[in-house]
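Structure at a glance
Listed here are the chains, written in short residue letters.
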Amino acid sequence: MNKPKLSVTDSIRELAEFWDTHDSTDFDDELVEITEPVFVRSSAIKVPLKAREAKAVEKLAKAKGVSPGELVRDWVLKNLPAPGAAKRTAKRGARSVP
């Protein structure tokens, strides 16, 4: 009897069809246990906006061809200090702006 080959695809549908007709125990010698997290969720921050403010963000995002979330994230990243900059500022005794 020929041993089935483990599916190699990124298609969710193809993988679902494959595992509907196969058992993982058929591939014990090919599987490797992963101890690290496979999916790491990024953290989210809610930004309360008035309806007109949210509409303005949506309009700007649409004009730029990005989602509102991508636009806001870009704004935040452009205004964050460079890594290590906060430590250098603190060592000089400067106050950070809230």
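These numbers come from a predicted model, not from an experiment.

Comments concerning the overall build of the protein chain
- Scanning the protein chain for helices and strands turns up four helices and zero strands.
- The order of α-helices and β-strands along the protein chain, N terminus first, is α-α-α-α.
- Expressed as a percentage of the 98 residues in the protein chain, the buried residues total 6%.
- If you take every contact in the protein chain between residues at least 6 apart in sequence, the share linking residues at least 24 apart comes to 13%.
- Carbon and sulfur atoms make up 57% of the accessible area of the protein chain, which totals about 9700 Å².

Description of the packing of aromatic side chains
- Taken as a whole and assessed by the stated rule, the structure comprises three aromatic pairs.
- For the ring pair Phe-18 and Trp-19, a centre distance of 5.0 Å and an interplane angle of 90° mean the geometry is edge-to-face.
- Given the relative accessible area of 12%, Phe-18 is considered buried.
- With relative accessibility at 36%, the residue Trp-19 sits in the partly exposed group.

Some details on a nonpolar patch on the surface
- A cluster of nonpolar side chains, namely Val-32, Ile-34, Val-38 and Phe-39, defines an oily patch on the protein surface of about 510 Å² accessible area.
- Along the polypeptide, Ile-34 turns up in the loop between α1 (12-20) and α2 (51-64).
- You can call Ile-34 exposed: its relative accessible area is 52%.

Observations regarding the confidence of the model for the protein chain
- Predicted confidence across the protein chain gives a mean pLDDT of 84, with 86% of residues reaching 70 or more.
- The least confident element of the protein chain is helix α4 (residues 85-91), whose mean pLDDT is 61; the most confident is α2, at 96.

Basis of the calculations
- Residues numbered from 1 in each chain as written.
- Predicted model: local features only at pLDDT ≥ 70, side-chain atom pairs only at ≥ 80, totals over all residues.
- Heavy atoms only, no water.
- Helix = DSSP H or I, 4+ residues; strand = E, 2+ residues; numbered from the N terminus.
- Buried < 20%, exposed > 50% of the residue type's maximum accessible area, 1.4 Å probe, protein only.
- Contact = heavy atoms within 4.5 Å.
- Areas by Shrake-Rupley, 256 points an atom, 1.4 Å probe, with all protein chains shown as cover.
- Phe/Tyr/Trp six-rings, centres within 6.5 Å; stacked < 30°, edge-to-face > 60°.
- Patch = residues over 30% accessible without salt bridge, like charges linked within 9 Å, V, L, I, M, F, W, Y side chains within 5 Å.
- Salt bridge = Lys/Arg side-chain N within 4 Å of Asp/Glu carboxyl O.
- pLDDT = per-residue confidence, 0-100.

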